[in-house]
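What follows is each chain in one-letter form.
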Amino acid sequence: MPTYNIPFQSKLPNVPTSIFAIMSGLANEHSALNLAQGFPNFESDEKLISLVNKAMVEGNNQYAPMPGVMSLRESIAQKTESLYQVNYNPDTEITVTAGATQAIFTIIATTIKKDDEVIIFKPAYDCYEPTIELFGGKPIAIQLDPEDFKIDWQQVRGLISDKTKMIIINSPHNPSGRIMTYSDMFQLEQLLKDTNILLLSDEVYEHIIFDNEKHYSAALFPSLAERAFIVASFGKTFHNTGWKMGYCLAPAQLTNELRKVHQFNVFSVNHPMQIALASYLKSPDNYNYLGSFYQEKRDLFLSLIKDSKFTSIPSKGTYFQLLNFKNITEESDYDFAIRLTKEYKIASVPISVFNNSNYDTKVLRFCFSKTEETLKRAADILCNI
Ligand code: PMP
Ligand code: GLN
C-alpha cells in the first residue's frame, strides 16, 4: 500500500461521508431493512427497461450530444408545457444531466464565486452546502422550525445583502415532506423582484405530492422563472435512482453559461437511457399516477405505526416520512438511528445531519418508497420499540 505523506489541505475539512452512504453501508452490514437512503425497492417499469435495451441494441452506445439527445429535450419541453404552461426551448433552455446532483453541482460551479452568499434552508439536502463551499461561496443557512418547517420570508429578507447571489429552494422538501404554498412562492417573487439574485429550485419530487395539493414549480412564476435553474430527476419519477438521469431548465443565457461548465464536468450523459426516456416521457400516464401511488404508501405506513410510540405529522410530498421518537429515548437521533439499525434491523436517517450545528430534534426520516410487504415488516419493528 503506498504511503501518502505530502501535506494536503482539504477543501472540505469538515465534511464527513454522506449519511446515505453511512446508513446504507450499516444496513447492509447488519442485514437491516433499509428505509434510510431514498430509493424504491421495487422495479422500474419493464417497458422503460426494454426501451433502454432496444436503444443499446440499435447502436446508441457512443457519446450523446453535449446538452442531451434532442428528442428527450423535446419530450421534457412538452411535459413542462403541459404541466406548467411554460415553453422552454429544447435547443437553448433544457440540459440533460447525470441526475439532479450533477445538475446542482454544475449550477453552483457556474454561478458561485468567492464570497458570494447563497441562502439555503435547513434541514437541507446534503449536497448544497459543500458544493457552495467548494467554489468559495458562503452558505447562509436558515434553520426552519422543526414543527412546521415554514419559511419566514421577513427573516429571509433580513439576510439578503449585496453579496447574495442565489437562493436554493426545494419543494416538495427532503427531508420534511413540506411543500411550498402559493403564498410562499408569491413572497419569494416579491423578495427577488428588482434584485439580481438567482434561484435554484430543486423540484426532484415534483410529481410526488399528496392530499390534492398542487406543486408550485418556479416555472409557473415568470419573475422567478427568468432567474431560475429548475432541477428534476428521472430517478425519483421512474423508480430508477441508480440510472442517475435528470435535467435542468433555465433561460437561454443561464443555460448557455451552464453548458460551458457541463461540457467539462461530464460532457454528456448516458445515451441509450436518454433515447428510452424520450419516448417513455411522452406518456403523462407514466408519471401522473405518482401522487396517489405514494400517498397510498404513506397512508399505509402511517396507519400501520399509529399505535407505536413514534409521533408524526403526515408528509405532504416526497417519499419520506419524519417520525419523532422523544417518547422513546433521549439518545441523540444519530445514536438512535445507529442502534435501530444494529439492534432492531431497521435503518433510517437522523435529520440532525441536515440541520445547522447538527440541531437534534429527536426525529428520524423513513423512506416509504417500498413494497407493501417491506412497509409491513418495517411497521412491525417500529411498533415493538
Ligand atoms: N435533490 C434532492 C432534494 C434529493 O432528494 C435528491 C436525491 N434523491 C437529489 C437532489 C439528487 O437526485 P439524483 O439522484 O437525481 O442525483
Ligand atoms: N436523495 C436520496 C435521499 O435523500 C439519496 C441520494 C444519495 O444517496 N445521495 O435519501
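Residues numbered from 1 in each chain as written. Chains lettered and ligands numbered in written order. Predicted model: local features only at pLDDT ≥ 70, side-chain atom pairs only at ≥ 80, totals over all residues. Heavy atoms only, no water.

Asks: Where do I start with the packing of aromatic side chains in this structure?
Replies: Centre distance and the angle of the planes are the two values used to describe a pair of aromatic rings. For the structure on display, the rule yields 24 aromatic pairs. Ring plane angle 75° and centroid distance 6.1 Å describe the contact between Tyr-63 and Phe-267, whose orientation is recorded as edge-to-face. Note that Tyr-63 is positioned in the loop between helix H2 (46-57) and helix H3 (70-84) and Phe-267 in the loop between helix H10 (252-265) and helix H11 (271-280), a separation of 204 residues in sequence. Overall, Phe-267 belongs to the partly exposed group, its relative accessible area being 36%. Aromatic pair Tyr-182 and Tyr-216: ring centres 5.7 Å apart, planes at 70°, arrangement edge-to-face. Taken as a pair, Tyr-182 in helix H7 (residues 182-192) and Tyr-216 in the loop between strand S6 (198-202) and helix H8 (222-225) lie far apart in primary sequence, 34 residues in all. The exposure class of Tyr-182 is partly exposed, given its relative accessible area of 45%. (Phe/Tyr/Trp six-rings, centres within 6.5 Å; stacked < 30°, edge-to-face > 60°. Helix = DSSP H or I, 4+ residues; strand = E, 2+ residues; numbered from the N terminus. Buried < 20%, exposed > 50% of the residue type's maximum accessible area, 1.4 Å probe, protein only.)

Asks: Sorry if this is basic, but what is going on with the pattern of salt bridges here?
Replies: If charged atoms from side chains of opposite charge come close, those side chains can pair. Applying the stated criterion across every chain yields a total of 16 salt bridges. Measuring nitrogen to oxygen at the nearest pair gives 2.7 Å for the salt bridge that ties Lys-79 to Glu-206. Linking Lys-79 in helix H3 with Glu-206 in the loop between S6 and H8, this pair joins segments that are 127 residues apart in sequence. Relative accessible area serves as the criterion here: at 5%, Lys-79 is assigned to the buried category. Overall, the relative accessible area of 7% leaves Glu-206 in the buried class. Beyond isolated ion pairs, a larger network of salt bridges with shared partners links Asp-211, Glu-213, Arg-298, Asp-299 and Lys-316. (Salt bridge = Lys/Arg side-chain N within 4 Å of Asp/Glu carboxyl O.)

Purely spatial values, then, with no claim about function.
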